[in-house]
Amino acid sequence: MTSYPAAEAFTKSRALADWVAECARLTRPERIVWCDGSEAERRRLTDAAVAAGTLIPLSPEKRPGCHLHRSNPNDVARTEEVTFICSPAKAGAGVTNNWMAPDEAYAKLGALLKDSMARRTMYVIPYVMGPLGSPFAKVGVEITDSVYVALSMRIMTRMGRPALEMLGESADFNRGLHCTLDLDPRKRFICHFPQDNTIWSVGSGYGGNALLSKKCFALRIASCLARDEGWLAEHMLIVGIQNPAGETRYLAAAFPSACGKTNLAMLTPPPALKGWKIFTVGDDIAWLRIGPDGGLWAINPEAGYFGVAPGTSMKSNPNAMRSVERDALFTNVAATPDGDVWWEGMDAPPPNGLRDWQGRPWNPQSGEKAAHPNSRFTAPMANNPALSPHANDPRGVPISAIVFGGRRATTMPLVLESFDWTHGVFMGATMGSETTAAAAGKVGVVRRDPMAMLPFCGYNIGEYLGHWLNLGKRLTKPPRIFMVNWFRKSAGGDFLWPGFGENLRVRKWMLDRIHNDGDGHRTPVGFAPDPAGLEIAGLEIAPEQLRQALAIDRDEWRHEIASAGEFLDKIGPTLPAALRERHRALAAALG
Ligand code: OXD
Ligand code: MN
C-alpha cells in the first residue's frame, strides 16, 4: 500500500486535496510531489531530469542554466485532430471543434489513465495565470507525470506557493490531469470539459498538448469562462508603443500561428524612427476585460515564452535571442559540439559536428533540417530586455487598438481600419491565412481562422462572435479595430512591404488615427491610409510598390467577400444576424 504525503501540509483547499487523492487513486503513482516553485526545487527537478536523460545540460559558459530536451519524434506538435471539446451537447462545441460526449471521454481516458503512473512520480503543480493580486488572475493545478512539464510550467506560469496562497480554501481552480503514457499516438487525446473547469490530456508530452496552462486552460477553457463572466480570452500578443514624447499606447493583435506574433511583440524600431520604443506585455495570449473607464484592459496570463526557434535570429528578433541566453529550455533544436544550440535561420552558419534534433550527426548534405521546423524555446519573460514595466501590473494595460492579421499574398492591403466595432468583429470573424507551398498543391488557398482562434475557441464559434458583439455594446471607450497584412506580394512574387521593424510605421499610422485624427480615406471595405499619411522617411520603397501594398482591388475584394460568405454559411444558425447584415452591406458596396 503506497502512502502519500498529507495534502493538508500543502493546501487549505479541501477540494484540491480531494481531487489530488482522486487522481492518485486512478493513476497509482509511486510518489506524489507537491511543487512549491522554489529555487531548491528547480535544482532538484533539473538534476532528476538530467539523470533520467530527459534534459541535456548545455554549456554553462555559452548558455548558463539552459537545457536541451529531445521529444519522441512522433510527438512534436499540437494535435488538433485528437483535441476535443466535451461539452454536454454537441452544439456547444460548434462546427469548428471536435466533440466527444463527456461520459464517453471520461470513460475512454479514464481507462487509459488507470494505474498509468505506477512506478512514476506524480507532480502536483499549482499555478496562477495572470499577475499576482490581479482581478484577472485565475488558479489552475496541473497533475502530471512529466518532469519536463513541471520544469516548463515553472517558466511559463507563476507556479507553486503563491498559487496555493491565492486559492486558499476555495474550490475554484482549473483541474488539469496529464499523463504521458507510452506516447503511442493511438492513445493520444486532449479533452476539455468546460462545464467542470477540467482538462484531461494523455499520450503526448508536447508543449501545446501537455502544458495545460497554455492553449487548454488560458484559451479553450478560459474562453468559456470569459463568455460566462463577460470578458475575452484571446490568441493575441500585447505590445506597448512609446512615442518620442514618452507616451505609451497598447495594442493587442491576433495572428494565426507562423505569422510572426512573437517577432511583432518584441519588435526593434528601425533606426529612422528615432525615439520610439517597444515594450512586450505578452506574445501569445491576452485576457481582456472592461475597465472602470469603460475601455478594454488586458493582461498576459503567462510568465514565459514558448516560441518557435527556426527563423529567430539577431536580425529578425534580437530580444528573443537575448531572452534565450540563460535559464531557457530548448526542445528539438540542433546541438553543437561545444554545448550550444543551433537552428535554421539563426545568424551563424551551421558549425561542424552538429547533431540534429534527434541527436544524429548532421551536416548540410544530410538533406533534412537540423532543427525540427516546430522546435521551440521556453524562456522566462523576465529575460526579455524589452519587457514592459506593466507586464506584472495587476490592473493590466489599456488597449487603444485591436489588430487582426493573416498571411495573404493578394487582396488584403497593408492596413485597414474598420468603420466601427461590428465591422471590426466582421473583419476578425472572416480573417484568413493562405496556405504556403509547403502544404502540397494548395498554394494560396485561404483558411478562415476567426480571430486566430480556430483551434482554440472552447465553444460554438457563432456564439463566440455574438459574445464579441455584446461585449462591444458594454464598452463606452472601445478600442479601434484594424486589419493588417505584411505578406502581400507583387505580380513577380516579391513581398511589397519590408516587414519586421518597419511594421512600426503601420502601428504609428494606427495611433495617429486614434489619438491625432490622422489621415485616412474611406473605401468600401474600411478606412485606408493615404500614401502620404504613412511615415516612410528613411525607408527605401518605390511609390508604385507602396501604392500596390495599399491598393484595394474591387475584383479581388468581390472574390474575398464571396469566400468569406461561404465560411459564415458554415457557422450556421448561431452566426449573429449583425455579421450576416455586414456581409450583405459589403457585398452591395462592392457592386
Ligand atoms: C501555437 C503556439 O501553436 O503558440 O499557436 O504554440
Ligand atoms: Mn499561439
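Keep in mind that this is a model prediction, so the values were computed, not measured. (Residues numbered from 1 in each chain as written. Chains lettered and ligands numbered in written order. Predicted model: local features only at pLDDT ≥ 70, side-chain atom pairs only at ≥ 80, totals over all residues. Heavy atoms only, no water.)

Caption draft 1: Structural view of the overall build of the protein. Scanning the protein from N- to C-terminus turns up 16 helices and 29 strands. Compactness check: the protein gives a C-alpha radius of gyration of 24 Å against a globular reference of 25 Å for 591 residues, within 12% of the reference. Each of the 591 residues in the protein was classed as buried or not, and the buried ones make up 59%. Restricting the contact set of the protein to residue pairs at least 6 apart, pairs at least 24 apart contribute 73%. Within the structure as shown, the protein displays about 23,100 Å² of accessible surface, and the carbon and sulfur contribution to it stands at 53%. Measuring between centres, the 65 positive side-chain charges of the protein sit 0 Å from its 61 negative side-chain charges. (Helix = DSSP H or I, 4+ residues; strand = E, 2+ residues; numbered from the N terminus. Rg over C-alpha atoms; globule rule 2.2 N^0.38 Å. Buried < 20%, exposed > 50% of the residue type's maximum accessible area, 1.4 Å probe, protein only. Contact = heavy atoms within 4.5 Å. Areas by Shrake-Rupley, 256 points an atom, 1.4 Å probe, with all protein chains shown as cover. Lys, Arg positive; Asp, Glu negative; His and termini not counted. Charge placed at Lys NZ, Arg CZ, Asp CG, Glu CD.)

Caption draft 2: Region of interest: the confidence of the model for the protein. Per-residue pLDDT for the protein has a mean of 95; in total, 98% of the residues score no lower than 70. Every residue in residues 436-441 is under pLDDT 50, and counting partners more than four places away or in other chains gives three contacts. (pLDDT = per-residue confidence, 0-100.)

Caption draft 3: Summary view of the coordination of the manganese ion (ligand 2). Surrounding the manganese ion (ligand 2) are the protein donor atoms Lys215 (NZ), His235 (NE2) and Asp284 (OD), which sit 2.2 Å from the metal. For the manganese ion (ligand 2), the single-chain donor residues occur in sequence as K-x19-H-x48-D. Highlighted residues: His235 in the loop between strand E12 (232-234) and strand E13 (236-242) and Asp284 in the loop between strand E15 (277-282) and strand E16 (286-290), separated in sequence by 49 residues. When its relative accessible area of 9% is taken as the criterion, Asp284 is described as buried. (Donors = N, O, S within 2.8 Å, 3.2 Å for Na, K, Ca; no water.)

Caption draft 4: Just the pattern of salt bridges, in detail. For the structure on display, the rule yields 40 salt bridges. In this structure, Arg63 engages Asp340 in a salt bridge whose closest nitrogen and oxygen atoms are separated by 2.6 Å. Taken as a pair, Arg63 in the loop between strand E2 (56-57) and strand E3 (67-69) and Asp340 in the loop between strand E20 (334-335) and strand E21 (341-342) lie far apart in primary sequence, 277 residues in all. Given the relative accessible area of 16%, Asp340 is considered buried. Three or more residues joined by partner-sharing salt bridges are found here, namely Lys214, Lys215, Lys261, Asp284 and Glu302. (Salt bridge = Lys/Arg side-chain N within 4 Å of Asp/Glu carboxyl O.)

Caption draft 5: Up close: the sheet that holds strand E19 (residues 329-331). The five strands are arranged E2-E3-E19-E22-E18 in an open sheet whose pairing can be described as mixed. Among the strands making up the open sheet, the edge pair consists of E2 and strand E18 (304-308). One ladder, built from five bridges, connects E18 with strand E22 (residues 376-380); its direction is antiparallel. Looking across to E22, one finds that Phe306 is bridged to Thr378. (Pairing = 2+ DSSP bridges.)

Caption draft 6: Spotlight on the nonpolar core. Ranked by internal contacts, the top residues of the largest apolar core, which has 123 residues, are Trp287, Phe404 and Trp468. For this core, the domains that each give at least three residues are domain 1 (7-54 + 78-229) and domain 2 (233-304 + 388-590). Residues contacting Trp287, with those up to four places away along its chain left out, are Met129, Phe136, Lys138, Ala218, Ala222, Trp231, Leu232, Ala233, Trp297, Ala298, Ile299 and Pro301. Among the nonpolar cores identified, the runner-up in size contains 33 residues, and Val239, Ala265, Leu504 and Leu546 belong to it. (Core = buried A, V, L, I, M, F, W, Y, C linked by side-chain atoms within 4.5 Å. Domains from an automatic or database assignment.)

Caption draft 7: Representation of the environment of Ala429 within the structure. The topology assignment puts Ala429 in helix H11 (residues 421-429). Taking relative accessible area as the criterion, Ala429 reaches 0% and is therefore assigned buried. With 120 residues separating them in the primary sequence, Ala429 and Ala309 have C-alpha atoms 29 Å apart. Once residues within four sequence positions are removed from consideration, Ala429 is found in contact with Pro450, Met451, Leu465, Phe567 and Leu579.

Caption draft 8: Examining the site of ligand 1 more closely. If you check the shell around ligand 1, you find Arg78, Lys215, His235, Ser257, Asp284, Arg376 and Phe456 and nothing else. Arg78 is positioned such that a nitrogen or oxygen atom in its side chain is 3.0 Å from an oxygen atom of ligand 1. Surface burial for ligand 1 is 89%, taken as the share of its 210 Å² of free accessible area covered by protein chains. Per-class residue counts for the shell around ligand 1 are one nonpolar, two polar and four charged. (Near = heavy atom within 4 Å. Polar contact = N/O pair within 3.5 Å; in protein donor to acceptor, adjacent residues only side chain to side chain. Nonpolar A, V, L, I, M, F, W, Y, C, P; charged D, E, K, R; others polar.)

Caption draft 9: Structural view of the pairing of E13. Across the seven residues of E13, seven count as buried, placing the element largely inside the fold. On E13, burial covers both faces: Met236, Ile238, Gly240 and Gln242 on one face and Leu237, Val239 and Ile241 on the other are all buried. As defined by bridge partners, E13 adjoins strand E14 (residues 248-254) across seven bridges and the pair is classed as antiparallel. When the bridges of E14 are listed, Ile241 appears paired with Arg249. Here E13 folds back onto E14 in antiparallel fashion, the turn holding five residues, of which Gly246 has a positive phi close to 90°.

Caption draft 10: Region of the structure containing empty space enclosed by the protein. Enumeration according to the criterion identifies three cavities of 30 Å³ or more in this entry. Roughly 120 Å³ of internal volume is contained in the largest cavity. Contributing to the lining of the largest cavity are 15 residues, with Met412, Phe426, Met427, Thr430 and Trp557 lying nearest its centre. Listed by contribution, the elements that provide at least two residues to the lining of the largest cavity are H11 and helix H15 (554-571). The biggest single contributor to the lining of the largest cavity is H15, with four residues. Grouping the amino acids of the lining of the largest cavity by side-chain chemistry returns 11 nonpolar, two polar and two charged. (1 Å grid on protein atoms, 1.4 Å probe; cavity = no way out; pocket = protein on both sides within 12 Å on 5 of 7 lines; lining within 4 Å. Points joined across faces, edges and corners; volume = space filled by probe spheres on them.)

Caption draft 11: Quick peek at unusual backbone geometry. Unlike most non-glycine residues, Leu183 shows phi in positive territory, near 60°. Within the secondary structure, Leu183 sits in the loop between strand E9 (174-179) and strand E10 (189-193). For Leu183, a relative accessible area of 16% gives the class buried. A positive phi is found at Ala452, a non-glycine position, where the angle reads about 60°.

Caption draft 12: Helix H2 (residues 39-51), seen in detail. Taking 1.5 Å of rise per residue, the 13 residues of H2 would be expected to cover 18 Å, and the 18 Å separating its terminal C-alpha atoms lies within 8% of that figure. On its buried face, H2 is in contact with strand E1 (31-34), E3, strand E6 (121-129), helix H5 (147-156) and strand E8 (158-159). Looking at the residues trailing H2, positive phi occurs at Gly53, about 85°. (Expected span 1.5 Å × (residues − 1).)

Caption draft 13: A look at the domain arrangement of the protein. Assigned domains of the protein: these are domain 1 (7-54 + 78-229) and domain 2 (233-304 + 388-590). In this structure, domain 1 and domain 2 have C-alpha centres spaced 32 Å apart. At the interface, 36 residues of domain 1 touch 36 residues of domain 2. Around 3,000 Å² of area is buried between domain 1 and domain 2 when both sides are counted, 57% of it from carbon and sulfur atoms. Sorting the residues of domain 1 by area buried against domain 2 places Thr96, Phe136 and Leu219 first, and these three jointly supply 24% of that buried surface. Among the salt bridges present, the one from Lys214 reaches Asp284, with a minimum N-O distance of 2.9 Å. There are 17 residue pairs in polar contact (both at pLDDT 80 or more) connecting domain 1 and domain 2. Of all elements in the fold, only helix H3 (90-93), E6, H5 and helix H8 (213-229) reach the threshold of two or more residues within the side of domain 1 that touches domain 2. A per-element tally of the side of domain 1 that touches domain 2 places H8 first, with 11 residues. (Buried area = accessible area lost by both parts, 1.4 Å probe.)

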